[in-house]
Amino acid sequence: MHRRQGLILGSVLATALLTACGGSAVSVTPADGHADPLCAKVADLWPDKVAGQERRSVSTNGGTEAAWGDPAIIARCGVTSPGADENCVEANGIDWIYSELSDGASFVTFGRTPAIQVLVPKTYAGDAIGAFGKAAAVVPQGSHRCS
């Protein structure tokens, strides 16, 4: 992941965390490709709970963004699929590119277009990404895999 992308992702997560602490809807910016029809199908399968946390309202009304818990775990569909990276992990049959952020981690599906991004605060380290397997599986796996 490029440094600029990491800073942008960190900024998105920081904004969401600040909003989440205020108790109102979590502020989420839709991904550039959120209008892709597959994203609507993904959104229909967002999990009810992630890492034991209930779903929260978000500032958008498109449905392709979602949040759970406080601090908020945030998911967005329609981000750009990342290139190959040594930080590729598999969870429940889905390949993800993992990037460490100052306040948590970013996971972006690998080999799927549109890609799904999940921002996970440090509070939930290791407990969140598996919940997104069913939603992510809606987007067909391309030829790129972690291994």
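Refer to the structure presented above.
These numbers come from a predicted model, not from an experiment. (Residues numbered from 1 in each chain as written. Predicted model: local features only at pLDDT ≥ 70, side-chain atom pairs only at ≥ 80, totals over all residues. Heavy atoms only, no water.)

Draft legend 1. Just the state of the cysteines, in detail. All chains considered together, the criterion is met by two disulfides. Put simply, Cys39 and Cys77 are joined by a disulfide, and their sulfur atoms are 2.2 Å apart. With the S-S bond torsion at -80°, the cross-link from Cys39 to Cys77 turns out left-handed. Of this pair, Cys39 sits in helix H2 (residues 37-43) while Cys77 sits in strand S4 (residues 73-79); the two residues are 38 residues apart in sequence, bridging distant segments of the chain. (Disulfide = S-S within 2.5 Å. Helix = DSSP H or I, 4+ residues; strand = E, 2+ residues; numbered from the N terminus.)

Draft legend 2. Representation of the nonpolar core. Trp46, Trp68, Ile73, Trp96, Ile116, Val118 and Phe132 are the most contacted members of the largest nonpolar core, which totals 25 residues. Listing elements by their share of this core, those giving two or more residues are H2, strand S3 (65-68), S4, strand S6 (94-101), strand S7 (104-109), strand S8 (115-121) and helix H3 (133-136). Apart from the residues within four sequence positions on either side, Trp46 is in contact with Arg55, Gly63, Thr64, Glu65, Ala66, Trp68, Ala75, Arg76, Cys77, Ile116, Phe132 and Ala135. In this structure, Val26, Val28, Val58 and Ile74 belong to the second largest nonpolar core, which totals eight residues. (Core = buried A, V, L, I, M, F, W, Y, C linked by side-chain atoms within 4.5 Å. Buried < 20%, exposed > 50% of the residue type's maximum accessible area, 1.4 Å probe, protein only. Contact = heavy atoms within 4.5 Å.)

Draft legend 3. Structural view of the pairing of strand S5 (residues 88-91). In this sheet, S6 lies alongside S5 in antiparallel orientation, the contact comprising four bridges. When the sheet's bridge partners are listed, Ala91 is paired in S6 with Ile94. Turn length for the S5-S6 hairpin, with the two strands adjacent in sequence and antiparallel, is two residues, and the turn residue Asn92 shows positive phi of about 50°. (Pairing = 2+ DSSP bridges.)

Draft legend 4. Highlighting the sheet that holds strand S2 (residues 53-56). What the eight strands build is an open sheet, ordered S1-S2-S3-S4-S8-S7-S6-S5; its pairing is antiparallel. Two strands close off the open sheet at either side, each with one partner strand: strand S1 (49-50) and S5. Note: S2 against S3, two bridges, orientation antiparallel. Opposite Arg55, over in S3, you have Trp68 as the bridge partner.

These figures come from the coordinates and say nothing about function on their own.
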